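Topology and contacts: notes
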Amino acid sequence: MTHASIFVGELIGTAVLILFGAGVCAAVTLHYSKAKGAGWVVIAFGWGFGVLAGAYTAAPKSGGHLNPAVTIGLAIAGITKWEDVPYYLLGQMAGAILGAVLTWLVYFAQFQANADEDRAQPTLGIFSTAPEIRNPVANLITEIIATAGLVLPILFFGKNLGTGIGIIPGTTAYGSGIGILLVSLLVVGIGLSLGGPTGYAINPARDLGPRITHALLPIPNKGGSDWGYAWIPVVGPLIGGALSALVYKAAF
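Residues numbered from 1 in each chain as written. Predicted model: local features only at pLDDT ≥ 70, side-chain atom pairs only at ≥ 80, totals over all residues. Heavy atoms only, no water.

**Considerations on the overall build of the chain**
When helices and strands are counted, the chain shows 11 helices and 0 strands. A compact globule built from 252 residues would reach a C-alpha radius of gyration of about 18 Å, and the chain, at 17 Å, matches this within 12%. If you line up the chain on its principal axes, its C-alpha atoms span 60 × 35 × 30 Å. For the chain, the proportion of its 252 residues judged to be buried stands at 54%. Considering only residue pairs separated by 6 or more positions, the chain has 75% of its internal contacts joining residues 24 or more positions apart. Accessible area of the chain: about 10,400 Å², with a carbon and sulfur share of 70%. Charge centroids of the chain, computed over 11 positive and 10 negative side chains, lie 6 Å from each other. (Helix = DSSP H or I, 4+ residues; strand = E, 2+ residues; numbered from the N terminus. Rg over C-alpha atoms; globule rule 2.2 N^0.38 Å. Buried < 20%, exposed > 50% of the residue type's maximum accessible area, 1.4 Å probe, protein only. Contact = heavy atoms within 4.5 Å. Areas by Shrake-Rupley, 256 points an atom, 1.4 Å probe, with all protein chains shown as cover. Lys, Arg positive; Asp, Glu negative; His and termini not counted. Charge placed at Lys NZ, Arg CZ, Asp CG, Glu CD.)

**Here's the deal with the packing of helix α1 (residues 3-29) against helix α4 (residues 85-106)**
Axes are the key here: two packed helices are described by the angle between their axes and the distance separating the axes. As a packed pair, α1 and α4 sit with axes 6 Å apart at the nearest point and diverge in direction by 35°. Considering only the axes of α1 and α4, their crossing is right-handed. Taken together, the residues that form the contact of α1 with α4 break down as 17 nonpolar, 8 polar and 1 charged. (Axes fitted to C-alpha atoms, helices over the stretch in contact; angles between N-to-C directions. Left-handed = near helix turned anticlockwise from the far one by under 90°. Nonpolar A, V, L, I, M, F, W, Y, C, P; charged D, E, K, R; others polar.)

**Topic: helix α2 (residues 40-62)**
Spanning 23 residues, α2 covers 31 Å between terminal C-alpha atoms, matching the ideal 33 Å at 1.5 Å per step. Within α2, the axis deviates most sharply at Y56, by approximately 30°, and proline P60 lies no more than four positions further along. Phi turns positive, to about 95°, at G63, one or two residues after α2. (Expected span 1.5 Å × (residues − 1). Bend = angle between axes of the 7 residues up to and from the residue.)

**A short note on a nonpolar patch on the surface**
On the surface, a cluster of nonpolar side chains totalling about 570 Å² of accessible area is made up of F20, W40, V41, F45, F49 and L192. No other element matches α2, which puts 4 residues into the nonpolar patch. By secondary structure assignment, the location of V41 is in helix α2. (Patch = residues over 30% accessible without salt bridge, like charges linked within 9 Å, V, L, I, M, F, W, Y side chains within 5 Å. Salt bridge = Lys/Arg side-chain N within 4 Å of Asp/Glu carboxyl O.)

**Some points on the environment of A44**
One can find A44 in helix α2. Judged by relative accessible area, A44 falls into the buried class, the value being 0%. Through-space distance from the C-alpha of A44 to that of E83 is 34 Å; in sequence the pair is 39 residues apart. Not counting residues within four places of it along the chain, the set of residues in contact with A44 comprises V188, G191, L192 and Y200.

**Let's talk about the pattern of salt bridges**
According to the stated counting rule, one finds 2 salt bridges in the structure shown. Between D226 and R134 there is a salt bridge; the shortest N-O distance is 2.8 Å. Within this pair, whereas D226 is found in the loop between α10 (204-216) and α11 (232-251), its partner R134 is found in the loop between α6 (124-127) and α7 (136-157), the two being separated by 92 residues in sequence. In this structure D226 comes out as partly exposed when scored by relative accessible area, which is 22%. Here R211 ties to D207 by a salt bridge, and the two come within 2.7 Å at their closest N and O atoms. Residue R211 and its partner D207 are located together in helix α10, separated by 4 residues, close to a single helical turn. Residues R211 and D207 agree in their burial class; the two are buried.

**Here we look at the UniProt feature "transmembrane region" (unreviewed entry) in the chain**
If you check UniProt for "transmembrane region" (unreviewed entry), the listed places come out as residues 6-30, 37-59, 89-109, 137-157 and 178-202 in our numbering. Taken as a whole, residues 6-30 contains 96% helix and 0% strand, while its terminal C-alpha atoms sit 34 Å from one another. In the segment residues 137-157, helix accounts for 100% and strand for 0%; the C-alpha atoms at its two ends are 30 Å apart. (UniProt positions renumbered as here; feature names shortened; annotations may be inferred.)

Here is the structure:
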């Protein structure tokens, strides 16, 4: 893979991921949406399908990491070349911003309806995560553990390549479909099991890119972008991905 193909693949794939993921959050949250109030299970599956669509889209070009925590974990584990890492990260961030803009366009009329003072609502939760209980230490630990719940299985399941179920991004088994499907189901499981405390960012680009977009978009009565919390869904997943790689290296 060339650096250009990595950047393009990650940009498009991450944009698709965020379009589906932020899209389901918008569908469940915004007034005048047919899915309003559909609930957490719908959100978890929406994000899982986002991973499915985004990774299938990106896999032929970049391997479909879609997540800086995954990229860093694979690099520490010696699977991804460090020289490729900046192109993965740039593509992921640009794609996350693009996906957030596309979500805004899809729900443009609903976002504009937020100008109605009687029905105005904060919109940051459509784009980025926030904790139910604001405790920086607890929130950081949650994101570290939840991200390890993603990256560690990806690395360990990669040892099953001979059985045809290896799921390391960039490998033949991953690109064949079964690996992408397993990762998508893994993300659904993380959302259902570990997403309650913080909304399971588990992906720095997924949270930071749309948060930047939210800050810049002209959404009426949108509320703040909560920059005081923004470091946790970036630092926590990166630590979780790095720790997963260290456990993997110690085990193998």
